[in-house]
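Each chain, written out:
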Amino acid sequence: MRGVAVAAIALTSVMTMAACAKDSGGGSNTSNNGSGAACEYATPPTAPATSNTSAAAGDKVDGSALKVGLAYDIGGRGDASFNDSAAAGLDKAITDMGIKKENTRELSAAPNEDEAAKQTRLRQLASEGFNPIIGVGFAYAESMKLVAAEFPNVKFGLVDSAVDGAANVTPLLFAEQEGSFLAGVIAAYQSKKCHVGFVGGVEIPLIQKFEAGYVQGATAAAPKIKVEKKYITPAGDFTGFQDAPKGQEAAKGQIDKGADVIYQAAGASGKGIFSAAKQAGVLAIGVDSDQYNQATVADTKDVIVSSMLKRVDVAVYDYIRAVAKNDLTSLPKVFDLKVNGVGYATSGGKIDAKLQGILEGYKAQIIEGKITVKDKP
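What you see as residue numbers is a count from 1 along each chain, following the sequence as written. Where local features are concerned, this predicted model is filtered to residues with pLDDT of at least 70; where side-chain atom pairs are given and counted, the filter is 80 or more; whole-chain, interface and lining totals use all residues. Excluded from the side-chain calculation are hydrogens and water; included are all heavy atoms of the structure.

### Details of the pattern of salt bridges
Pairing between side chains becomes possible if they bear opposite charge and their charged atoms approach one another.
At step 1: What makes a salt bridge here is a side-chain nitrogen of Lys or Arg within 4 Å of a carboxyl oxygen of Asp or Glu, nothing more. Taken as a whole, this structure holds 19 salt bridges when the rule is applied.
At step 2: Connected through salt bridges with shared partners, the residues Arg77, Asp91, Lys101 and Glu106 form a single ionic network.

### As for the packing of aromatic side chains
Geometrically, a pair of aromatic rings is defined through the distance of the ring centres and the angle of the planes.
At step 1: Side-chain rings of Phe, Tyr and Trp, where Trp is taken by its six-membered ring, are said to pair if the distance between their centres is within 6.5 Å; with planes under 30 degrees apart they count as stacked, over 60 as edge-to-face, and otherwise as tilted. All told, the structure shown has nine aromatic pairs when counted by the stated rule.
At step 2: Centre to centre, the rings of Tyr214 and Tyr263 are 4.8 Å apart; their planes meet at 40 degrees, and the pair counts as tilted. One end of the pair, Tyr214, is in helix H7 (residues 205-221); the other, Tyr263, is in strand S8 (residues 261-265), and 49 residues separate them in sequence.
At step 3: Note on exposure labels: buried denotes an accessible area under 20% of the residue type's maximum, exposed denotes more than 50%, and partly exposed covers the range between, all computed with a 1.4 Å probe on protein chains only. Judged by relative accessible area, Tyr214 falls into the buried class, the value being 0%.
At step 4: Through a chain of ring-to-ring contacts, the aromatic side chains of Phe198, Tyr214, Tyr231 and Tyr263 assemble into a single cluster. Only DSSP runs of H or I covering at least 4 residues are called helices, and only runs of E covering at least 2 are called strands; the numbering of each starts at the N terminus.

### Looking at the sheet that holds strand S2 (residues 104-108)
At step 1: Strands are treated as partners if at least two bridges between them are detected by DSSP. Pairing within the open sheet is parallel, and its five strands lie in the order S2-S1-S3-S4-S5. Single-partner strands in this sheet number two, and they are S2 and strand S5 (169-172). Neighbour to neighbour, the strand axes of the sheet diverge by 15 degrees on average, direction disregarded.
At step 2: Bridge analysis of strand S4 (residues 156-159) against S5 gives four bridges, and the strand direction is parallel. Bridged to Gly157 within S5 is Thr170.
At step 3: Contacts: residue pairs with any heavy atoms within 4.5 Å of one another. Note on geometry: axes are lines fitted to C-alpha atoms, helical ones only across the stretch in contact, with angles between N-to-C directions running from 0 to 180 degrees. Helix-sheet contacts for helix H3 (residues 82-97) involve strand S1 (68-72), S2 and S4, and the interaxial angle to S1 is about 170 degrees.

### A word on the nonpolar core
One broad rule of soluble globular proteins: the nonpolar side chains tend to lie buried together.
At step 1: Definition of nonpolar core: a set of buried residues of the types Ala, Val, Leu, Ile, Met, Phe, Trp, Tyr and Cys, connected through side-chain atoms within 4.5 Å. If you look at the biggest cluster of nonpolar residues, it comprises 66 residues, and the most contacted ones within it are Phe156, Ile207, Phe210, Ile225 and Tyr263.
At step 2: Of the residues forming this core, the biggest block, eight residues, is contributed by helix H6 (residues 176-190).
At step 3: Contact partners of Phe156, with chain neighbours within four places excluded, come to Ile133, Met144, Val147, Ala148, Phe151, Asn168, Val169, Thr170 and Tyr319.

### Comments concerning the environment of Ala187
At step 1: With respect to the helices, strands and loops of the structure, Ala187 is situated in helix H6.
At step 2: Judged by relative accessible area, Ala187 falls into the buried class, the value being 0%.
At step 3: A sequence separation of 73 residues divides Ala187 from Asp260, and the C-alpha atoms of the two residues are 8.8 Å apart.
At step 4: When near neighbours in sequence (up to four residues on either side) are disregarded, Ala187 contacts Val196, Tyr214, Val261 and Ile285.

### Remarks on the side chain of Thr104
At step 1: Within the secondary structure, Thr104 sits in strand S2.
At step 2: Given the relative accessible area of 11%, Thr104 is considered buried.
At step 3: Distance and chemistry together define a polar contact, namely a pair of N or O atoms within 3.5 Å, with one atom able to donate a hydrogen and the other to accept it when in protein, and with adjacent residues in sequence counting only for side-chain atoms on both sides. Within the local environment of Thr104, its side chain forms a polar contact with the backbone oxygen of Lys101, the two atoms lying 2.7 Å apart.
At step 4: Once you skip the residues sitting within four places of it in the chain, Thr104 turns out to touch Val68, Leu90, Ile94, Ile99 and Phe130.

### As for the sheet that holds strand S10 (residues 304-310)
At step 1: Strand order in the open sheet formed by six strands is S7-S6-S8-S9-S10-S11, with mixed pairing between adjacent strands. Because the sheet does not close on itself, it has two edges, and the strands there are strand S7 (226-233) and strand S11 (342-344). Averaged over all pairs of adjacent strands, the angle between strand axes in this sheet comes to 15 degrees, irrespective of strand direction.
At step 2: Across seven bridges, strand S6 (residues 195-202) lies against S7 in parallel orientation. Bridge pairing links Val199 to Lys230 in S7.
At step 3: Here helix H8 (residues 244-256) sits on the sheet in contact with S6, S7 and S8, set at roughly 160 degrees to S7.

### Re H3
At step 1: Its 16 residues place the ends of H3 23 Å apart at the C-alpha level, agreeing with the 22 Å of an ideal helix rising 1.5 Å per residue.
At step 2: Restricting attention to buried positions, one finds in H3 the residues Phe82, Asn83, Asp84, Ser85, Ala86, Ala87, Gly89, Leu90, Ala93, Ile94 and Met97.
At step 3: Its buried side turned inward, H3 meets S1, S2, S4, strand S9 (283-288), S10 and helix H10 (312-325).
At step 4: Among the residues trailing H3, Gly98 stands out with phi positive, at a value near 75 degrees. The length a helix should cover is 1.5 Å for every residue beyond the first.

### Quick notes on empty space enclosed by the protein
At step 1: Cavities and pockets were defined on a 1 Å grid built over protein atoms only: a cavity is a set of grid points that admits a 1.4 Å probe from which the probe cannot escape, a pocket is an open set flanked by protein on both sides within 12 Å along at least five of seven lines, and lining residues are those with an atom within 4 Å of any such point. Grid points are joined across faces, edges and corners, and a volume is the space filled by probe spheres set on the points. The full count for this structure, using the stated rule, is one cavity of 30 Å³ or more.
At step 2: Of the voids in this model, the largest cavity is the one considered here, and its volume is about 200 Å³.
At step 3: Along its surface, the largest cavity is lined by 19 residues, and Asp73, Phe82, Ile207, Phe241 and Asp288 are the ones closest to its centre.
At step 4: Residue assignment for the lining of the largest cavity shows that the elements contributing at least two residues are H3, H7 and S9.
At step 5: Residue contributions to the lining of the largest cavity peak at three residues, all from H7.

### Considerations on the pairing of S10
At step 1: Across the seven residues that make up S10, a large majority, seven, are buried.
At step 2: Examined bridge by bridge, S10 and S11 share three bridges and lie antiparallel to one another. Among the inter-strand pairings, Met308 is bridged to a residue of S11, identified as Tyr344.

Below, the structure is given as structure tokens:
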């Protein structure tokens, strides 16, 4: 099929338009999104013969003496996204390291709560002897700076942010833009109209990393693809991560404009985005966890073509493991594609071997530094 398409390009551009199917995987750098036709694609990089990712050593670690506290972001366990990924890391640590369930504590944030509430939550965990304590989300940065200083002998982990000058706070940072680049490639190859969308929960620099990578990946795969972009709430209003009806409304607006694959980075609001996709008969890409396998979105899983895996579970697990070993230097500075800190899911069977080969080709180029993924739109 690909050879036919290449031959047609050599003859005439008109023949190219007729012969280059959506799943050609190669061809010219043009697309016909104005007519609602499938994309034509840039020639993808070749997939490597072997994996470029690395994995942590698998020696047995005893964590039975630990008392682990998790302070979730809004939505908590059960959000089918970011917090659930952190919870999965804790669950695996309990299983693998012999941590007693009764020696763990999980507390959740409320939408738009003040710093005092976050400080109280962290202080409560530290006062009750939990060590380490993990703040799930950048929203804990200011509160952790204060509370960590009050409890210098307690180890704190902080997902998505750092606290300068705090020796007992370990940042757990991610290259979200790299995983989102691959989500953009997936969207381009799954779109029947060469028209896709992105819905972010809150317009903040962290979520803009998802947008930037997604747009770059989609346009790398199909240079003239059309990408819709929408945030549920502006910076400062964090209800955008927990408002499924507004998520559904945002996605519907993009679908009405012609987008047929929607990538969401919106926390619990993603449930509404999946609902909009199902109602319209289009596809969606999940985020953070493998959302196809999340029980809380099981009724819409058939529209989830993939998920951008932000392996908060890996970061939480690896951090607890490093604390148990008393060796925090073993942690990566950034959880990126090279250390499997981000990636893509294949659950549901919509990512076939051909597309997976294309994705692995782009992934290898990012790891090797041949493609630099932007972290700002």
